[in-house]
Amino acid sequence: MEPAERPAGHHGEHTQKTWKLAIAAIGVVFGDIGTSPLYAFRETFAGHHELTLDTAHIMGVISLMFWSMMIVVTLKYVTIIMRADNKGEGGSLALLALVSGRTKEKRWSRGIVLLGVFATALFYGDSMITPAVSVLGAIEGLAVAAPAFGDLVLPIAVVILVFLFSIQRGGTSRVGAFFGPIMMCYFLIIAVLGIISIVQTPQVLWALLPYHAVEFFLISPMQAFFALGSVVLAVTGAEALYADMGHFGRNPIRVSWLWFVLPALMCNYMGQGGLLIRDGVLALESPFYLLAPESLRLPLVLVATAAAIIASQAVISGAFSVTQQAIQLGFIPRLRIDHTSAATAGQIYIPIINWLLMTMVILLVLFFQTSSNLTSAYGIAVTGAMLIDTCLLTVLLFWLWNWKKRYALPLLTIFFIVDIAYFAANTTKIPDGGWFPLLVGFIVFTMLTTWAKGRKLMIERMREAAMPIKVFIQSAANSASRVPGTAVFMTSTPEGVPHALLHNLKHNKVLHERVVLLTVKIMDQPFVVDAERVRSEDLGQGFHRMVIRYGFMQDADVPAALKQVHTCGEEFKMMDTSFFLARQTLLPAERPGMMIWREKIFSWMLRNAESAMEFFRLPTNRVVELGSQVEI
């Protein structure tokens, strides 16, 4: 083969791979934004702030939806924020780790960290509402397609949600293979239904001009402002594009959005607009389902329900992924994490998160009862997270990418105006349900920050009380008896003598021939390569200091890492190795640390955390736990 031919072949393979990933991304990434047509258009006119149903307002809403998608999704997320990957990974926590890692010396860096943590807290509120509103919105089509079954909407929705959460334990790899084709089928159907309606009312195509959005604000500014609270439902799920970037890559997500998802969504929204122009208030009950002929409405309910389940699945998987990142970055205590796929590292299942989410989702469905009521709770979490992402983007453009002000300021001004307008419009819905994600957000934020602060205080107190290692080695090596084997003492601080080592010597009066002081460190990057995994230092007299490093997307498997170590004497054999862990008991102290109520929360979280033995995958029959008391 000629050298000139190789790049062409390679380019062809790369393009083919991109298209394959783009199809897979349609199934996972776009479920949330893809199910928005079920309720977004209807809510704008028939929601809590009803809008006059005439041609000017319909055209204005379509125009607002289109330009919101162009500014928020296409320009902000797909074009700019998706360039801010942390070694290929995306999402609020990955962006936070990227930004805070470079701005630690800045005075405002703590504020940026708190903003990023609050965005994560809001995500949990969002992950409770998305399955409830998507599944309920799809099943409500049953009342349109077969009115006799209208009373069964709530029971069917609850059964589907219970089923969805109960299958999480088995993993989603098998089901995931069907996601792409089902969502492609769904997008094609809604696009075709929209085009059929557009052909009957072609004037809706003019709504793509920004003139109609501006005219909407000029005709009725207050109605237009309130309408933003529902229009934003058309862009819910935009943050999922960024969060799922690590699974599919930047280009496949861009390709599937620009060439497939965006055109399909806009065809459907314009089709719904055309239907409302033709039939007026008669079509307002459900403009999404009434686009279809009567004979096809029941099959459309089935397809839309499948799409809603897929949208919910993506959010549930996202909650597991975000929780794992938060554990590794030190914002959540250790939790049990099960791996559901031997081939795909990212497919995990966290039982406590799964059952808590299921309980909250079902309570939401039973409390709010209709998707219309739930949409009031939906927007505030999404717009809050989008506004925080713009704040993080500001830091990114000026301090990490060093953009010139003449380029950055106009862009950021547009983003802030749009995000603040949407957030402000959604604050009007706080009494109607917007309080829920805010309440969840504040509770989760309090727990995340309490754990991070308590852990930091605990490490500081233990460091203060720790004896210098060199002094300990000199005194212990001469006085203690040595026994065969290896002792690994797990310690959170890579300085000083671990409490477990002091207690072991105090009670057992012996030291092993080889003593390893081991710290597992989670880095601000998603992955650490094997070559950089372990760093060890020979302290003399059979003592070694070792640091094992992992990325925040990786699992800490200590025995597997030790097997790769060849610079610390003999190879590690698990049958000759004992692992010593310290289990801390907190004591209330008068010294300033945290408020008593936060200390109690931290103490409760510490007691209920997964043990280090299971989290670090230590062999159960080789672990010794020793208690210690800490004042914070």
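See above for the structure.
First things first, this report covers the structure right here in the doc.

Conventions and cut-offs
- Residues numbered from 1 in each chain as written.
- Predicted model: local features only at pLDDT ≥ 70, side-chain atom pairs only at ≥ 80, totals over all residues.
- Heavy atoms only, no water.
- Helix = DSSP H or I, 4+ residues; strand = E, 2+ residues; numbered from the N terminus.
- Expected span 1.5 Å × (residues − 1).
- Buried < 20%, exposed > 50% of the residue type's maximum accessible area, 1.4 Å probe, protein only.
- 1 Å grid on protein atoms, 1.4 Å probe; cavity = no way out; pocket = protein on both sides within 12 Å on 5 of 7 lines; lining within 4 Å.
- Points joined across faces, edges and corners; volume = space filled by probe spheres on them.
- Nonpolar A, V, L, I, M, F, W, Y, C, P; charged D, E, K, R; others polar.
- Patch = residues over 30% accessible without salt bridge, like charges linked within 9 Å, V, L, I, M, F, W, Y side chains within 5 Å.
- Areas by Shrake-Rupley, 256 points an atom, 1.4 Å probe, with all protein chains shown as cover.
- Salt bridge = Lys/Arg side-chain N within 4 Å of Asp/Glu carboxyl O.
- Pairing = 2+ DSSP bridges.
- Phe/Tyr/Trp six-rings, centres within 6.5 Å; stacked < 30°, edge-to-face > 60°.
- Lys NZ or Arg CZ within 6 Å of the ring centre and 35° of its normal.
- Axes fitted to C-alpha atoms, helices over the stretch in contact; angles between N-to-C directions.
- Parallel < 35°, antiparallel > 145°, perpendicular 65-115°, else oblique.
- Left-handed = near helix turned anticlockwise from the far one by under 90°.
- Contact = heavy atoms within 4.5 Å.

Moving on to helix α18 (residues 405-427). For α18, with 23 residues, the first-to-last C-alpha span of 31 Å sits near the 33 Å given by 1.5 Å per residue. Taken together, the buried positions of α18 are occupied by A408, L411, L412, F415, V418, D419, Y422, A425 and N426.

The subject of this paragraph is empty space enclosed by the protein. Empty space left among the atoms is revealed by rolling a probe the size of a water molecule over them. Applying the stated criterion across every chain, the model contains one cavity of 30 Å³ or more. Here the largest cavity defines a volume of roughly 90 Å³. Forming the boundary of the largest cavity are 13 residues, of which E43, G47, H48, S230 and K429 lie nearest the centre. Counting only elements with at least two residues in the lining of the largest cavity, the list comes to α3 (40-46), α11 (221-231) and α17 (371-400). The residue makeup of the lining of the largest cavity, split by class, is three nonpolar, eight polar and two charged.

Taken together, F367, W435, L439 and I443 make up a surface patch of nonpolar side chains, about 420 Å² in accessible area. Looking at which element gives the most residues to the nonpolar patch, the answer is helix α19 (residues 430-465), with three residues. If you trace the backbone, W435 turns up in helix α19. Here W435 falls in the partly exposed class, since its relative accessible area comes to 34%.

Let us look at α17. Taking 1.5 Å of rise per residue, 30 residues should cover 44 Å, and α17 covers 41 Å from first to last C-alpha, within 8% of that figure. Of the residues trailing α17, N402 is marked for its positive phi of about 55°.

Side-chain direction in a regular strand flips from residue to residue, so the side chains alternate between the two faces of the sheet. Counting buried positions over the eight residues of strand β6 (residues 543-550) gives eight, a clear majority of the element. Burial of β6 is two-sided: the residues F543, R545, V547 and R549 facing one way and the residues H544, M546, I548 and Y550 facing the other way are all buried. Across eight bridges, strand β4 (residues 510-522) lies against β6 in parallel orientation. Bridging from a neighbouring strand, V515 pairs with F543 of β6. Where strand β5 (residues 534-540) meets β6, six bridges bridge the pair, whose relative direction is antiparallel. Within β6, the position partnered with E537 by the bridge is R545.

A word on unusual backbone geometry. A positive phi angle is found at Q541, which is not glycine, with a value near 60°. Tracing the backbone through its elements, the reader meets Q541 in the loop between β5 and β6. In this structure, R617 takes a positive phi of about 60° despite not being glycine. Within the fold, R617 resides in the loop between α24 (612-615) and β8 (623-631). On the basis of relative accessible area, R617 is assigned to the partly exposed category, the value being 40%.

Glancing now at the packing of aromatic side chains. Under the defined criterion, the tally for this structure stands at 23 aromatic pairs. Measuring from centroid to centroid gives 5.5 Å for F615 and F616, while their planes differ by 80°, and the two rings are edge-to-face. Residue F615 shares its accessibility class with F616, and that shared class is buried. Through a chain of ring-to-ring contacts, the aromatic side chains of F367, F368, W435 and F436 assemble into a single cluster. A cation over a ring is seen here: R83 above W401, with NZ or CZ 5.0 Å from the ring centre.

Another point: the packing of helix α8 (residues 153-166) against helix α15 (residues 297-328). To describe two helices that pack against each other, one gives the angle between their axes and the distance between the axes. Closest axis-to-axis distance for the α8/α15 pair is 11 Å, and the angle between their directions is 45°. Here α15 runs oblique to α8, going by the angle between their axes. Judged by the sense of rotation from one axis to the other, the crossing of α8 with α15 is right-handed. Along its contact with α8, which presents I160, L164 and F165, the element α15 presents T305, I309, S312, Q313 and I316. The class makeup of the residues in the contact of α8 with α15 is five nonpolar, three polar and no charged.

Under the definition given, this model contains six salt bridges. R549 is paired through a salt bridge with E532; the nearest N and O atoms lie 3.6 Å apart. Placement of R549 in strand β6 and of E532 in the loop between β4 and β5 is noted, with a sequence separation of 17 residues between them. The partner of D557 in a salt bridge is R617, with the nearest N and O atoms 3.8 Å apart. Pair noted here: D557 is in the loop between β6 and α22 (558-563) and R617 is in the loop between α24 and β8, with a separation of 60 residues, a long-range link. Taken together, the shared-partner salt bridges connect D555, D557 and R617 into one network.

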